[in-house]
Structures are given as structure tokens and as C-alpha cells.
Amino acid sequence: MPSAPGGPRILLRRLREIMAEPVPAQARLDRIVILIAANMVSEVCSLYVMRADETLELYATEGLNREAVHQTKLRLGEGLVGLIGESAEPLALSDAQNHPAFSYKPETGEEIYHGFMGVPVLRAGNTLGVLVVQNRTYRVYTEEEIEALQTTAMVLAELIASGELTGLGEPGTETAARRPLHCRGVALADGLGLGHVVLHEPRVVVRNIIASDVDSELARLEAAIAAVRSSIDEMLERGDIAHQGDHRDVLETFRMFANDQGWLRRMREAIRTGITAEAAVERVQSDSRARLMRSTDPYLRERLHDLEDLTNRLLRRLVGRDMVEKQDALPDNAVLVARAMGPAALLDYDRSRLRGLVLEEGGETSHIAIVARALAIPVVSAVENVTSLVEAGDAIIVDGDAGEVQIRPPADIESSYAVKARLRARRQAQYRLLRDKPSRSIDGVSVSLLLNAGLLVDLPHLGETGADGVGLFRTELQFMIAERMPSAKDQQALYADVFASMGDRPVTFRTLDIGGDKLLPYMPRVEEENPALGWRAIRIALDRPALLRIQARALLKAAAGRHLRLMFPMVATSAEFRRAKALVEGELDYLARQGSPRPTQVSMGAMVEVPSLLFEMDEIARAADFLSIGSNDLMQFLFAADRGNKLVSGRFDNLSPAALRALRRIAQWAGAADCPVTVCGEMAGRPLEAMTLIGLGFRRLSMSAASVGPVKAMLLALDTRPLTEFLDRSLDAVAPGHDHVETLRPALLAFAEQNQIPI
């Protein structure tokens, strides 16, 4: 038996009317299921809503026993309804009672019904409920009827997500759509942020669902698809893919999806049920997302992001908006939520209103993390599917210390975090009291605490923290946030501003450290099997010497009348250092011939990041004016463990004997050559690791602004003599039969606790 004539479009219009009426939520649901049953020519229509405990509760029914409403509950996978909720797939049966998953609930009175059709109620791929129609007869449901019920479920998803049904179910339960969520991720920048969700790339909210003319909607869809295909082809053909922020393999995937006939057919079929082109795109995407999220194939799960990106392009084309939306007015206490984000995008937001950042993608050493730390914004990354779990305006808490995110937190959780935030603020206030105290241990050892920086927004932290200067100024950040290559004039202006902000305090500039994971948006991508070991940093500078010469000239001019400290990244041999140094000296000679003002002194140093340099320490310590240890890369290369790969990044500890012996070797060689050495990687900013570095003999540490207070508090309570003795004993213990120690971390923690050193 087919649906009522003109059913889908009439049903959708009437649904909209009911949803606009000023009636209580339960009465609205009751009227909706009556309407659907009549339109689908079915004796039964029931709506089950997913609860926070992942059970499906009967919220409304026409045809079953009304007393079962809010009493009947099914676990995911239990019965036909539970099967649909678990699989997120529609199910149509002519004889439901013979299906192996059939589960009889006596309170419903459904034993007399044979025909069964159910569809998941989906929103952004998340199952919010199940919508069911049933018939007494052994009815065979058509594809058109399944499509019609799926379209109806799409409208109901908006009703459930709105929160209007809150309080209707069993007391003390929430619907899954509005339930509190506790998510774990990876902490990228410490701190606590309490606020409300702002989506970095807001989903297109489809408000126009009902089509007035199906043929015109089909034409709109075809035109939008053609336009998206054309734009993808154009980007691929122009050869400036990097400028668009998309890599060629991603665009090739987009092209594949955009020409997929199955995807297009499903959208056309959805339109024929009576909905608009944009509603059809959203519905098909939600179905696809639900399936891909449940896939165990990692390749298919990765393709989910590609399909979502393409869908967003298509939706924005249909609603007439550009791909990128600007946030004109950021609300107070904003927490940004994004799949991924670049440093330039973060800098576009009003820092005074930002309280945190949550990402689906991004590693500890990613550039967004570096900028967020500079801005003192807590960041948690690797939070799976977070952009689909939140709605704009949701209450959210970002715990950048523990790597946790609380979405729509209950009052007691929110109160607990508010107390934690106040305690943290008091602790920060205590650190600020240490600002003007000398950085000196109990036994009189002075340690210079410096800042890592890369933007002008970093430099006010010098006065706030009492840091001695900038031990690492990452010059590549200026290049990474620009839309085109900064000119020599632009570079000189930035460096001059940095010197002006520094006053008499020293600053060490690192020349361009690009390549590998640091891709400039306007430079062609170089395909490499192992980019971290490939064409990057000083290797690019020596192969493209104009880049280094232009930057060196800008730095030399900006440093006129000052001391310029310049270091080269990823030096693998002392010969590389000498070649780079010669290029800078050539620019210095050029300025002398031109009669241009020059620095009073130029010191050039090398980054110790590549293990090969450990076997040329005598040569490099004599050739360089100073050394800086990039512990992030040094540890990555030392253990052959990609720091961006979660499978291996935590496999080795930087407090293991091998790592500490390598660091001690550097300190000893540099000390013998009277060559100053600074540690400027992540190790320097963690109190336990910083304590260990001081025990190994390092006296210059460079870190994020937030780390200065905790590291100084540790230093003021430290006696270096017993620490150095303990480390020497531990690292020299190689006698036969001596138990191998995989890491000294537990022993160092115990040392700190016994000596009352705050770490």
C-alpha cells in the first residue's frame, strides 16, 4: 500500500506547521506521530529518542499502547529499533516478527503488526533516535517510502537537537543530543578555559527544507555540482594548490567524490521526496557520516573528512556563501572548536575574548600550538569528531593541563572547574611574585630563563614573566601567516619592531626553519617520503641562498647599532654551518661597501638537532659563537620516532639514559670550548626536565611564557650539587649485572619529592 498522494511534500509542510504551534513538547510529538502515520498509510508510527545512557526510549506513538510512552526502553542492538540505532541504517521488513533481532515488548501491544519500516534520526552523523512505522499486513515498503521517512526524520532531528524535549523522558535523564560529554584528547597548551562554543568553520544551517518546485531544486543541485567540479579542476590546473590551502592528493579525492554517481544519485532521490537541494545534500552527508564513523577501516574513516569538506563546499555554493566565513563579533568567553586550524586563522580572532581552543587534528609541536602558547590560550587536540558533537553556544570547558574537554558540563562539574580555575589563578599570581627574583639555585647557580617567541604578541610576556630575553625567535612564523612571501622590507620592519620591544635584553633569531611539517602556503609542495628528514631548514637555505641572503640583510639592517645573535636550524655538519655563516658574512660586507649602518656585533650559532653533530661537537663548538639544542627534533631523530605519530611518539622518554647521556655530552663539549649553549625545545619548559637539564650542566633555558614561573619556582628550591651527583651516578652505572633502567623519570620524581622541589 503506497503512501498518501503527494505525501512527502504535504507531510513536510504540515510538520513545519505543527512545529511552529505554541503547544507543549509532548503534545507536539503526539500530533507529529499521528500525522506521519496517516501520511504513510500505517497503523503505527513511533518515535524513540536516544538518551544519554545510550538507550532508546519511546517518546511518542500512534497505534501502540500509549501507556508504554516513556516506559519502553531498548538498548543499542536490542530488537529492531536497537539494531537501527546501532547501525544507523534504515530497515524495512514485510514480516518483522520473523527477523532474528525482533524483540517483543508486551507493554506496547505490537504483536499484531507485521510490516515494519524504521530509519535512524541522524544529525551530523550522530544518531539521535529512531523513527518507525508499522502495518498489520505483510507490507513491502518501497524505496520511495524509505526516502520519505528518512526525510521526515531529518526534520525531527532538528526538534530533538533544539533541546525542546528535555524533561519529557524518565526523570534524571538527558537526550543524547544534549547530554553532557567528557572527551579526552592531547594537551597542546596548558591552562583552563570555561566558555561557550564558537565553531571556527560553522556548519551551514539548512533552514529552507521544503521544496516548492522539485525540478528547480534539481537544477540548482546540478549547477552547484558543476561549479564545485569546475573550481576543483581550476585549482588543480593552475598549479597554485598550496595557496588555496589544499594539497593535490586532497583535491584529487574531492574530484573523485564530486564525480561519484552513487553520491549524486542519492542527493537527487532525496530532492524528489520534496526537499530543497541543500537539505538533500545535508541529509545524504549525515547518512554517509553515520556509516563512515562506524567503519573499522581506517582508510574509509579518513575519507570522511574529505567528503565533509566537499559537502561544505557544495552547501556554501547552494546557499550563496564563500567557503571561509569571518567572525565579525566574537562573543565573550569564546572557545573555538575546529577540525584543524592554521596559526594565521587563530590570529584573526580577538584574543581578549578567547578562552580556549579544541581541535580534532594537530600535534604538540604544530604551529597552531606554538601560537596558542604565545597567546596563553589552552588547547586540547585529537578530540575525535568534536565538531559534530557540539552546537554553537554550548557550554564547554577546555582543560589544557589534563588534555580533557567537558561539553555541556553539569552544574557540579562546572563548579568544580571554576574552583580549579581560581586555584590556578592564585598559583599564577604566586609565580608573578617571583618575577623580579634572580634565577638562582640554593647553592648559588645562576640559570638564564629565556622566552621562545615568533610574533610581536609574544614580547609583552618579557615584562610579565621577568624573563632575561628571547632565546629563540622563530622567524618562520611571519612567513607562515602571510598570504605571500614577505618582502625584505616587511622582514626588516618586523625585526626592527622586535629589537625596539626588547630594549637592552638579548634576542636570538633563528633563520627560516621551513620544510618538513612547516609548509608555506604560497610555496610549491615537495613530495617526500620522509619530510622530517628531507629538504628543510638550512638545506633549503643553502640550496636557495637568495632566501637566506634576503633574510640576513633584513636582520643586519634592523640590528644596526645593536648586537645581532643569529642561529641556523638543523645543522648536520660543521661544514654546513660554515657555508651558512659565509653567506651572512657576505651580506655584512655588502652593507659595509654600501656604507649602510651595521650591527655592533654579529654572533652566529648552530641548532643542535641532528645526532650527527654530536660526533662533531669539538669542531662545531669551536666554529660557532653559541649553540642551541632543539630537543624536539634531537629526540625525534635520536630515537627514530616521528614526534607527530601517536603510535611511536610516546614510545621513548627524553629522560631515558640514552637521551640524557647525549645531552650531557653536548654540555661537556660546549663547556670545554667555552661555547654558550641553550636548550630551547619543549624539555626546557617542563619543571622536571628543566631540573634535569640544570643537573647536566645547562645554564640557559628557553621556554614558553607560561613555563617561566613554574621553572623558576623549581630553580629557587634546587640545590644543584646532589642532583648532579645523582645524575652522574645513574648515567655512569654500566657495571656488569647492573639492572637496566629504561627511564630515570621515576627516580627524578622521587628526588624532587625528597628534596621538596616543586615540579
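Just so you know, these numbers come straight off a predicted model, no measurement behind them. (Residues numbered from 1 in each chain as written. Predicted model: local features only at pLDDT ≥ 70, side-chain atom pairs only at ≥ 80, totals over all residues. Heavy atoms only, no water.)

Re the sheet that holds strand β7 (residues 181-184)
Then step 1. Strand order in this open sheet of eight strands is β7-β14-β13-β9-β10-β11-β12-β8, and the pairing throughout is mixed. In this open sheet, the two strands that pair with only one neighbour each are β7 and β8 (186-189). Put simply, the sheet's adjacent strands are angled 30 degrees from each other on average, direction ignored.
Then step 2. With four bridges connecting them, β7 and strand β14 (residues 404-407) associate as antiparallel partners. Residue L181 lies in a different strand from β14, and its bridge partner there is I407.
Then step 3. Relative to the sheet, helix α14 (residues 411-433) contacts β9 (192-199), β13 (395-399) and β14, its axis offset from that of β9 by approximately 125 degrees. (Pairing = 2+ DSSP bridges. Helix = DSSP H or I, 4+ residues; strand = E, 2+ residues; numbered from the N terminus. Axes fitted to C-alpha atoms, helices over the stretch in contact; angles between N-to-C directions. Contact = heavy atoms within 4.5 Å.)

Structural notes on the packing of helix α24 (residues 687-696) against helix α25 (residues 705-716)
A pair of packed helices is characterised by two quantities: the angle between their axes and the separation of those axes.
Then step 1. At their nearest, the axes of α24 and α25 sit 9 Å apart, and the two run at 50 degrees to each other. In terms of axis orientation, α24 runs oblique to α25. Regarding α24 and α25, the two cross each other, and that crossing is right-handed. Taking contact as the criterion, the partners of P687, A690, M691 and I694 in α24 are, on α25, P710, V711, M714 and L715.
Then step 2. When its residues are assigned to classes, the contact of α24 with α25 shows eight nonpolar, no polar and no charged. (Parallel < 35°, antiparallel > 145°, perpendicular 65-115°, else oblique. Left-handed = near helix turned anticlockwise from the far one by under 90°. Nonpolar A, V, L, I, M, F, W, Y, C, P; charged D, E, K, R; others polar.)

Section: the pattern of salt bridges
Then step 1. What the rule picks out here adds up to 39 salt bridges.
Then step 2. Residue R184 is joined to E404 by a salt bridge in which the shortest nitrogen-to-oxygen separation is 2.6 Å. In this pair, R184 sits in strand β7 while E404 sits in strand β14, placing the two residues 220 residues apart along the sequence.
Then step 3. The exposure class assigned to R184 is exposed, which follows from its relative accessible area of 58%.
Then step 4. Residue class for E404 comes out buried when judged on its relative accessible area of 13%.
Then step 5. Among the charged side chains, a network of salt bridges with common partners joins E476, R510, D513, R536 and D633. (Salt bridge = Lys/Arg side-chain N within 4 Å of Asp/Glu carboxyl O. Buried < 20%, exposed > 50% of the residue type's maximum accessible area, 1.4 Å probe, protein only.)

Structural notes on the confidence of the model for the protein
Then step 1. Counting all residues, the mean pLDDT for the protein is 86, and 89% of those residues have values of 70 or more.
Then step 2. Here residues 322-327 is modelled with pLDDT under 50, and outside its nearest four sequence neighbours on either side it reaches eleven contacts, counting other chains as well. (pLDDT = per-residue confidence, 0-100.)

Quick notes on the packing of aromatic side chains
Then step 1. The tally for this structure, following the rule as stated, stands at six aromatic pairs.
Then step 2. These aromatic residues form a ring-pair network of at least three members: F473, Y495, F499 and F509.
Then step 3. Its guanidinium or amino end placed over the ring of Y590, R553 lies 4.0 Å from that ring's centre, counting from NZ or CZ.
Then step 4. Its end group placed over the ring of F626, R565 keeps NZ or CZ at 4.3 Å from the ring centre. (Phe/Tyr/Trp six-rings, centres within 6.5 Å; stacked < 30°, edge-to-face > 60°. Lys NZ or Arg CZ within 6 Å of the ring centre and 35° of its normal.)

Points about α14
Then step 1. Helix length check: α14, at 23 residues, gives a terminal C-alpha distance of 33 Å against a target of 33 Å (1.5 Å per residue), a fit within 8%.
Then step 2. For α14, the complete set of buried residues consists of Y417, R424 and Y431.
Then step 3. On the buried face of α14, the contacting elements are β9, β13, β14 and α25. (Expected span 1.5 Å × (residues − 1).)

Some thoughts on the packing of helix α19 (residues 545-558) against helix α20 (residues 574-594)
Then step 1. Interaxial distance between α19 and α20 falls to 9 Å at its minimum, and their mutual angle equals 50 degrees. Judged on the interaxial angle alone, α20 and α19 are oblique. Once α19 is placed against α20, the crossing between them reads as right-handed. Contacts from P545, L548, R549, A552, R553, L556 and K557 in α19 reach A580, L583, V584, E587, L588, Y590 and L591 in α20.
Then step 2. Residues of the contact of α19 with α20, tallied by class, amount to ten nonpolar, no polar and four charged.

A word on the sheet that holds strand β2 (residues 55-62)
Then step 1. On the basis of which strands lie adjacent, the open sheet formed by six strands has the order β3-β2-β1-β6-β5-β4 and antiparallel pairing. Edge positions in the sheet fall to β3 (73-75) and β4 (91-93), since each of these pairs with one other strand and no more. Averaged over all adjacent pairs, the angle separating strand axes in this sheet is 20 degrees, with direction ignored.
Then step 2. Bridge count between β4 and strand β5 (residues 115-123): three bridges; the pairing is antiparallel. Within the sheet, the bridge partner assigned to L91 lies in β5 and is G118.
Then step 3. Each of β1 (44-50), β4, β5 and β6 (126-135) is contacted by helix α4 (residues 143-161), which is oriented at about 45 degrees to β5, the strand it contacts most.

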